[in-house]
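# Structure at a glance
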Amino acid sequence: MPEPAHPPKSTLLIVFLVVFIDLLGFGIVLPIMPRLAQDYLHGTPDNIKGVVIGVLFSAFSLMQFLFAPMWGRISDRIGRRPILLLGLLGSVVFYALFGFAVTLPSSEANLAVGLMLLSRIGAGIAGATIGTAAATIADCTTPETRARGMALIGIAFGCGFALGPLIAFFGMELFDNERWAVGAIASILSACALLLAIMKLPETRRKSEHTPERAFFSISRTLGVIKSPSVGPLVVIYFLVIFAFANFEATLALFTGTAFGYSEKDNYLVFAFIGFVLLFAGGAYRPIVKKRPEALLLKLGVALLFAGMGVLVVIASAIGIMRETPGIGRMLVPLFYIACAVSVIGFAFVNPSVSSLVSRRSDPNRQGEVLGVNQGCASLARILGPLCGSIVFYLERSHVLPYALACLTLVLVIMLLPMVNRPAEPQPE
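Reading the values: rules and limits
- In this convention, every chain numbers its residues from 1, walking through the sequence in written order.
- Whole-chain, interface and lining totals are the exception, using all residues; otherwise, since this is a predicted model, local features are given only for residues with pLDDT of at least 70 and side-chain atom pairs are given and counted only at 80 or more.
- Only hydrogens and water are removed before side-chain values are computed, so all heavy atoms of the structure are retained for them.
- By the criteria applied, helices consist of DSSP H or I runs no shorter than four residues and strands consist of E runs no shorter than two, each listed in order from the N terminus.
- Residue exposure (1.4 Å probe, protein chains only): buried if accessible area is under 20% of the type maximum, exposed if over 50%, otherwise partly exposed.
- Note on definitions: a residue-residue contact is assigned when non-hydrogen atoms from the two residues lie within 4.5 Å.
- Reported accessibility uses the Shrake-Rupley method at a 1.4 Å probe radius. Residues are deemed covered only where the shown protein chains occlude them.
- Stacked, edge-to-face and tilted labels apply to pairs of Phe, Tyr and Trp rings (six-membered ring for Trp) whose centres lie within 6.5 Å, assigned for plane angles under 30 degrees, over 60, and everything in between, in that order.
- Counted as positive: Lys and Arg. Counted as negative: Asp and Glu, with His and the chain ends omitted from the count.
- A pairing counts as a salt bridge when a side-chain nitrogen of Lys or Arg comes within 4 Å of a carboxyl oxygen of Asp or Glu.
- Pairs of N or O atoms within 3.5 Å make up the polar contacts considered here, provided that, within protein, one atom can donate a hydrogen while the other can accept it, and that residues adjacent in sequence are counted only when both atoms are side-chain atoms.
- Every axis in this analysis is a line fitted to C-alpha atoms, fitted for helices over the stretch in contact. Angles between the N-to-C directions lie between 0 and 180 degrees.
- Roughly parallel means an angle under 35 degrees; roughly antiparallel means over 145; roughly perpendicular covers 65 to 115; every other angle is labelled oblique.
- Crossing chirality is assigned from the near helix's rotation relative to the far helix, an anticlockwise turn below a right angle marking it left-handed and a clockwise turn marking it right-handed.
- Think of it as three bins: nonpolar holds Ala, Val, Leu, Ile, Met, Phe, Trp, Tyr, Cys and Pro, charged holds Asp, Glu, Lys and Arg, and polar takes everything else, Gly as well.
- Each patch is built from residues that are more than 30% exposed by relative accessible area and take part in no salt bridge. Like charges join if they lie within 9 Å; nonpolar side chains (Val, Leu, Ile, Met, Phe, Trp, Tyr) join within 5 Å.
- Joining through side-chain atoms within 4.5 Å is the link that ties buried Ala, Val, Leu, Ile, Met, Phe, Trp, Tyr and Cys residues into a set, and such a set is a nonpolar core.
- Think of pLDDT as the predictor's per-residue confidence, scored from 0 to 100.
- Expected span of a helix: the number of residues minus one, times 1.5 Å.

## A closer look at the overall build of the chain
Per the secondary structure count, the chain includes 16 helices and 0 strands. When the 429 residues of the chain are sorted by exposure, 60% land in the buried category. Pairs at least 24 apart in sequence give 86% of the contacts found in the chain among residues at least 6 apart. Only carbon and sulfur atoms are counted for the fraction: they give 71% of the accessible area of the chain, which is about 16500 Å².

Written out as structure tokens, the structure is:
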């Protein structure tokens, strides 16, 4: 492969726009998926219902866990651009399939849930290229500017979470609440991202003459990254933080319905609020990281996330204890939004800090692979987090367990934080 010229700074903007538009689809589908799935699960016991919803969440992330390291290794070999284009094409197809699945009548519930699961599997394979997008940013930045570059992905997530639910909210109004509208809008936006990438996204991978050929699937190399003294603790911390946050993320739409009586449209606005907080926090992170090291901001993010989850435990417990008191849930709404904001700001600080530290401690010829492993482990957490959260959500009436489990997980993270300061060491080829 001929070596491309040094990628222009405008490439960062193109990568940001491609990731942002693709994540709009994710932000559109996520808030309403549990509610749409529940419509096909009438008469199903609550514990089974929780498992089914958890599997729908987790299937997406299972595919990311399996495919993110593979896409990273392939992108190290053939380039970033073709992998990103392939991922966007997959998003177009499988979001459209999701839109079709939810139009099926309740008499075909098994087929509908099966197609929803297939669409989540396909979208997960396509979405596993986020690690490749991070490697693209690493190609375009210096070690000194790496954290600010990685923050762009966090900002793209924030924009997707903020605008995705709002687009879905108004799109549902525009299409007279047709169930297929969610999948159709997400598919169309992914198609726009694909066209933008085809026209504007350059190749950023500069292949070294000394870059060795590697197997696309390699469990031993993945374990080698995790065992690395400088990178491994960061990957484990990222896994645990994502697991904790996924318990919150997967049960939020269900909790607001039971605690505050929120409708599907109300939940779009809740997720939009979370997206705007992510956007604000991502924008604030970039100037802060110029003056403060990533390791310090990682610790601050964990502390904020722990505080926010702790307040959610208190809110859920209070609503459970005083469930018979009219209006108690509504009285706690402002505190609920504060807790969500604090949690999301903490998460927004953890995400780019870990990605930057992992990238800076990795061989430049292995950026795609190592960042793919990091993203894959995060995806494994997004398998287990939603599954555990959805199951324990239904175990008692206050629905406090997902947030209590998140707090316990973050205690483990706090115990691992001293290992973050270990120096980087060369990684084997």
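Continuing now.
## Considering the packing of aromatic side chains
One pass over the full model with this rule turns up 11 aromatic pairs. Seen from their ring centres, F245 and F347 are 4.2 Å apart, and the 5 degrees between their planes marks the pair as stacked. Separated by 102 residues along the polypeptide, F245 in helix α10 (residues 232-260) and F347 in helix α14 (residues 333-360) bring together distant segments of the chain. Just as F245 is buried, F347 falls in that class too. Considering the side-chain rings of F255 and Y403, the 5.6 Å spacing of their centres and the 75 degrees angle between planes classify their relative orientation as edge-to-face.

## A short note on the side chain of R120
Inspection of the secondary structure assignment puts R120 in helix α5 (residues 109-127). Despite its burial, R120 pairs with no opposite charge; the closest candidate is E249, at 8.4 Å N-O.

## Some remarks on the side chain of S343
Summarising the element assignment, S343 is placed in helix α14. What makes S343 buried here is its relative accessible area of 0%. Within the structure, S343 has its side chain in polar contact with the backbone nitrogen of M309 (distance 3.5 Å). Excluding residues that lie within four positions of it along the chain, S343 makes contacts with F245, L304, L305, G308 and M309.

## Re the packing of helix α4 (residues 80-101) against α5
Where α4 meets α5, the closest approach of the two axes is 8 Å, and the angle between their N-to-C directions is 165 degrees. Of the possible angle classes, the one that applies to α4 and α5 is roughly antiparallel. Between α4 and α5 the crossing geometry is left-handed. Of α5, the residues touching α4 (which contributes G87, G90, S91, F94, L97, F98, F100 and A101) are A112, L115, M116, L118, S119, G122, A123 and A126. When its residues are assigned to classes, the contact of α4 with α5 shows 11 nonpolar, 5 polar and no charged.

## Describing a nonpolar patch on the surface
A cluster of nonpolar side chains, contributed by F306, V411, L412, I414 and M415, occupies part of the molecular surface with about 440 Å² of accessible area. In this structure, M415 sits in helix α16 (residues 401-416). Judged by relative accessible area, M415 falls into the exposed class, the value being 59%.

## Section: the nonpolar core
The biggest cluster of nonpolar side chains holds 132 residues, and the ones touching the most others in it are M116, V241, F248, F255 and L298. In terms of residue count, the dominant contributor to this core is α10 (19 residues). Leave out the neighbours within four places in its chain, and V241 touches V302, L305, F347, V350, L410 and V413. Judged by nonpolar contacts, the second largest core, of 8 residues, contains M63, A68, W71 and I74.

## Brief notes about the confidence of the model for the chain
For the chain, the average pLDDT comes to 79, and 83% of its residues sit at 70 or higher. When pLDDT is averaged over each helix and strand of the chain, the minimum, 64, is found for helix α9 (residues 219-227) and the maximum, 94, for α16. Predicted confidence is poor over residues 1-5, with pLDDT under 50, and the contacts of this stretch with residues over four places away or in other chains come to 10 contacts. Overall, residues 425-429 carries pLDDT values under 50, and its contacts beyond four positions in sequence, including any with other chains, amount to 16 contacts.

## A few points about the pattern of salt bridges
A complete count under the given rule lists 2 salt bridges for this structure. With a closest N to O distance of 2.8 Å, D76 and R80 form a salt bridge. R80 carries the same exposure label as D76, and that label is buried. R80 is the salt-bridge partner of D139, the closest N and O atoms lying 2.8 Å from each other. Of the two residues, D139 sits in helix α6 (residues 130-140) while R80 sits in helix α4, which places them 59 residues apart along the sequence. Each of D76, R80 and D139 takes part in a single network of salt bridges with overlapping partners.

## A look at α5
With 19 residues, α5 should cover 27 Å at 1.5 Å per step; its first-to-last C-alpha distance of 26 Å lies within 8% of that length. For α5, every residue scored as buried is listed here: A109, A112, V113, L115, M116, S119, R120, G122, A123, G124, A126 and G127.

## Overview of the packing of α4 against α6
Running from amino to carboxyl end, α4 crosses α6 at an angle of 145 degrees, the nearest separation of the two axes being 10 Å. Between α4 and α6 lies a crossing whose hand is left-handed. Taken together, the residues of α6 that come into contact with α4 (itself represented by R80, I83 and L84) are T132, A133, A135, T136 and D139. In the contact of α4 with α6, the residues fall into 4 nonpolar, 2 polar and 2 charged.

## Focus: the environment of V29
Considering the arrangement of structural elements, one finds V29 in helix α1 (residues 10-29). Separated by 70 residues in the primary sequence, V29 and G99 have C-alpha atoms spaced 9.5 Å apart. Ignoring anything within four residues of it in the chain, the contact list for V29 reads Y95, F98, R120, V182 and A186.

## Considering the environment of V51
One can find V51 in helix α3 (residues 46-78). Not counting the four nearest positions on each side in its chain, V51 is found in contact with L387 and I391.

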